[in-house]
Number of protein chains: 2
Amino acid sequence: MGLGYDVAALSELINQFERMPGIGKKSAQRMAFYVLGMDPADAEKFASAILGAHEKIKRCKICCNLTEDETCSICRNEARDKKIVCVVEDPRDVIAIERTHEFDGTYHVLHGSISPMDGIGPDQLTIKELLARLDGVEEVIMATNPTVSGEATAMYVSRLLKPLGVKVTRLAYGVPVGADLEYADEVTLTRAMEGRREI
Amino acid sequence: MGLGYDVAALSELINQFERMPGIGKKSAQRMAFYVLGMDPADAEKFASAILGAHEKIKRCKICCNLTEDETCSICRNEARDKKIVCVVEDPRDVIAIERTHEFDGTYHVLHGSISPMDGIGPDQLTIKELLARLDGVEEVIMATNPTVSGEATAMYVSRLLKPLGVKVTRLAYGVPVGADLEYADEVTLTRAMEGRREI
């Protein structure tokens, strides 16, 4: 960042923003200037939101989702079906599925997927925690991403679970609703054809 | 943000990011999760970069650019030509011009442009400060943005300065270097034609 002048505190802030995913030089600069323009109370709030999130948020003892308490509100919710566990890679996937308002089971957050290229093996994920909570669970839905590593993770986990007598299912593949068939890739279309259902 | 679960500290952080310019819901979420993934020392550094930038950075007493000292390094630099003042809207414009390494005069940062629609009149800008530093200045280059409000600001300032015997110039308009003529808008092309020079 050739700032051309001596504002170390500004460069530092720009650097901090630039390290974030998806944030380039220009955006980082714009954000830093936005922070400069905040009134002091707001800047204080922003800084403490960062520290607060960091200190308060931990993993649910049961499903490993993020929570500020010992267990998350979904695991604590009596109305949720504890016999069905939906396994996802990331807390954001829980948010996405919750948004459908269609799922009333519980979740298990792996915090990643098996990816030997990135040095992530099964031990880095919360698979141990999943195995420890299978008591009373009838179905595990593997909702990992439809990517190579998500697929590999789904296969790995299902091979561990099947011998234990748990039903393991996988999300359906197909064309996304609202999308244009013309732009669907061949693999997705093939899967959509394979998975076709009578109407 | 239908988070679907009880992580207030996370929602708060996402909200903070979402308020930034150019940051949508998805980016804000991604950034908040990135912060969660930082180790505590890094999160601390990030928070203090925000507070630090806010506390340390003030306006140069001469040119109103951002600095951590009384005056900025450009105004303090003996090698810079104090007889030429380049007037810009924003500290980022100083950075942009410094990047050319072609300008050895000094700057004046207006911190905005005249825009009655947004309730910004001349008094909200640092025009007073500009008038106060004209002693010994021979040329003022108006480098405000080539927009309606940048143009209005350039006209307003030039009308104030000309009676004082200061030469006021404006950045040249024309086609941007490296751009495709085909995609240049008509106004820019017209200006480029008007400003054509013999080669």
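The following refers to the structure shown. Computed from a predicted model, the values in this text were never measured in an experiment. (Residues numbered from 1 in each chain as written. Chains lettered and ligands numbered in written order. Predicted model: local features only at pLDDT ≥ 70, side-chain atom pairs only at ≥ 80, totals over all residues. Heavy atoms only, no water.)

Details of the interface of chain A and chain B
By a widespread convention, an interface's size corresponds to the accessible area lost as its parts come together.
Next up, step 1: If you look at the interface, chain A gives 56 residues, while chain B gives 57 residues.
Next up, step 2: Carbon and sulfur atoms make up 68% of the area that chain A and chain B hide from each other, which totals about 5200 Å².
Next up, step 3: Counting the contacts that link chain A with chain B gives 2 salt bridges.
Next up, step 4: One salt bridge in this structure joins aspartate 42 of chain B and arginine 19 of chain A, with 3.7 Å as the shortest N-O distance. (Contact = heavy atoms within 4.5 Å. Buried area = accessible area lost by both parts, 1.4 Å probe. Salt bridge = Lys/Arg side-chain N within 4 Å of Asp/Glu carboxyl O.)

As for the relation of the copies chain A and chain B
Next up, step 1: Placing chain A over chain B gives an RMSD of 0.1 Å and needs a rotation angle of 180 degrees, together with 0.0 Å of translation along the axis. What we have between these two chains is a two-fold relation. Of every C-alpha in chain A, the one belonging to alanine 47 of chain A sits nearest the axis of rotation, 2.2 Å from it.
Next up, step 2: An overlap of 100% is found between the interface residues of chain A and their copies at the interface of chain B, pointing to a shared contact surface. (Least-squares fit on C-alpha atoms with pLDDT ≥ 70 in both.)

Quick word on the environment of threonine 144 of chain A
Residues and elements named next belong to chain A.
Next up, step 1: One can find threonine 144 in the loop between strand S5 (139-142) and helix H7 (148-161).
Next up, step 2: It is 30 Å that separates the C-alpha atoms of threonine 144 and alanine 49, two residues lying 95 residues apart in sequence.
Next up, step 3: Residue contacts for threonine 144: discarding those within four places in its chain leaves Val87, Glu89, Leu110, Gly150, Thr153, Ala154 and Arg170.
Next up, step 4: Of note is the side chain of threonine 144, whose polar atom sits 2.8 Å from the backbone oxygen of glycine 150. (Helix = DSSP H or I, 4+ residues; strand = E, 2+ residues; numbered from the N terminus. Polar contact = N/O pair within 3.5 Å; in protein donor to acceptor, adjacent residues only side chain to side chain.)

Considering helix H5 (residues 91-98) of chain A
Next up, step 1: Counting buried residues in H5 of chain A gives 6 out of 8 residues, a clear majority hidden from the surface.
Next up, step 2: Buried residues along H5 of chain A sit against strand S2 (66-67), helix H4 (73-76), strand S3 (81-88) and strand S4 (105-109) of chain A together with helix H2 (25-37) of chain B.
Next up, step 3: You can read the cap of H5 of chain A off the contacts: a side-chain oxygen lies 2.9 Å from the backbone nitrogen of arginine 92 of chain A, and it is on aspartate 90 of chain A. (Buried < 20%, exposed > 50% of the residue type's maximum accessible area, 1.4 Å probe, protein only.)

Let's talk about H2 of chain B
Next up, step 1: Here H2 of chain B spans 18 Å end to end across 13 residues, near enough to the 18 Å set by a 1.5 Å rise per residue.
Next up, step 2: Taken together, the buried positions of H2 of chain B are occupied by Ser27, Ala28, Gln29, Met31, Ala32, Phe33, Val35 and Leu36 of chain B. (Expected span 1.5 Å × (residues − 1).)

Considering the side chain of aspartate 93 of chain A
Next up, step 1: One can find aspartate 93 of chain A in helix H5.
Next up, step 2: In terms of polar contacts, aspartate 93 of chain A uses its side chain to reach the backbone amide nitrogen of glutamate 89 of chain A, at 3.4 Å.

As for the pairing of strand S6 (residues 167-170) of chain B
All names here are of chain B.
Next up, step 1: Both strand S5 (residues 139-142) and S6 contribute to a ladder of 4 bridges, which runs parallel. Within S6, the residue paired with methionine 142 across the bridge is arginine 170.
Next up, step 2: Regarding the hand of the β-α-β motif, the stretch spanning S5, helix H7 (residues 148-161) and S6 is right-handed. (Pairing = 2+ DSSP bridges. Right-handed = clockwise from strand over helix to strand, strands pointing away.)

Side note on the pattern of salt bridges
Next up, step 1: For the structure on display, the rule yields 15 salt bridges over all chains.
Next up, step 2: Two residues, lysine 83 of chain A and aspartate 81 of chain A, come together in a salt bridge whose shortest N-O distance is 3.5 Å.
Next up, step 3: Put simply, lysine 45 of chain B and aspartate 42 of chain B hold a salt bridge, and the shortest N to O gap is 4.0 Å. Of this pair, lysine 45 of chain B and aspartate 42 of chain B are both found in helix H3 (residues 40-56), 3 residues apart, which corresponds to roughly one turn of the helix.
Next up, step 4: Each of the salt bridges in this network shares a partner with another, and the network as a whole consists of Arg19 of chain A together with Asp42 and Lys45 of chain B.

Notes on the sheet that holds strand S6 (residues 167-170) of chain A
Residue and element names in this part refer to chain A.
Next up, step 1: If you trace the 4 strands from one edge of the open sheet to the other, you get S4-S3-S5-S6, paired in parallel fashion. Sheet topology places S4 and S6 at the edges, where each strand pairs with a single neighbour. On average, each strand axis in the sheet is inclined to that of its neighbour by 25 degrees, with strand direction left out of account.
Next up, step 2: Those strands touched by H7 are S5 and S6, and its axis lies near 165 degrees from that of S6. (Axes fitted to C-alpha atoms, helices over the stretch in contact; angles between N-to-C directions.)

Overview of the sheet that holds strand S3 (residues 81-88) of chain B
Strand pairing in a sheet takes place through backbone hydrogen bonds and is either antiparallel or parallel in direction.
Residues and elements named next belong to chain B.
Next up, step 1: Strand order in this open sheet of 4 strands is S4-S3-S5-S6, and the pairing throughout is parallel. The sheet is open, and its two edges are formed by strand S4 (105-109) and S6, each paired on a single side. Across the sheet, the mean angle separating the axes of adjacent strands is 25 degrees when strand polarity is ignored.
Next up, step 2: Packing against the sheet, helix H5 (residues 91-98) makes contact with S3 and S4, and its axis sits at approximately 160 degrees to S4.

Some details on the packing of aromatic side chains
Next up, step 1: Under the counting rule described, the total for this entry stands at 4 aromatic pairs over all chains.
Next up, step 2: Taken together, a centroid distance of 5.4 Å and an interplanar angle of 85 degrees make the contact between phenylalanine 17 of chain A and phenylalanine 46 of chain B edge-to-face. Of this pair, phenylalanine 17 of chain A sits in helix H1 (residues 8-18) while phenylalanine 46 of chain B is found in helix H3, placing the two residues in two different chains. Each of the two residues, phenylalanine 17 of chain A as well as phenylalanine 46 of chain B, counts as buried.
Next up, step 3: Of note, arginine 92 of chain A hangs over the ring of phenylalanine 33 of chain B, and the distance from its end group to the ring centre comes to 4.3 Å. (Phe/Tyr/Trp six-rings, centres within 6.5 Å; stacked < 30°, edge-to-face > 60°. Lys NZ or Arg CZ within 6 Å of the ring centre and 35° of its normal.)

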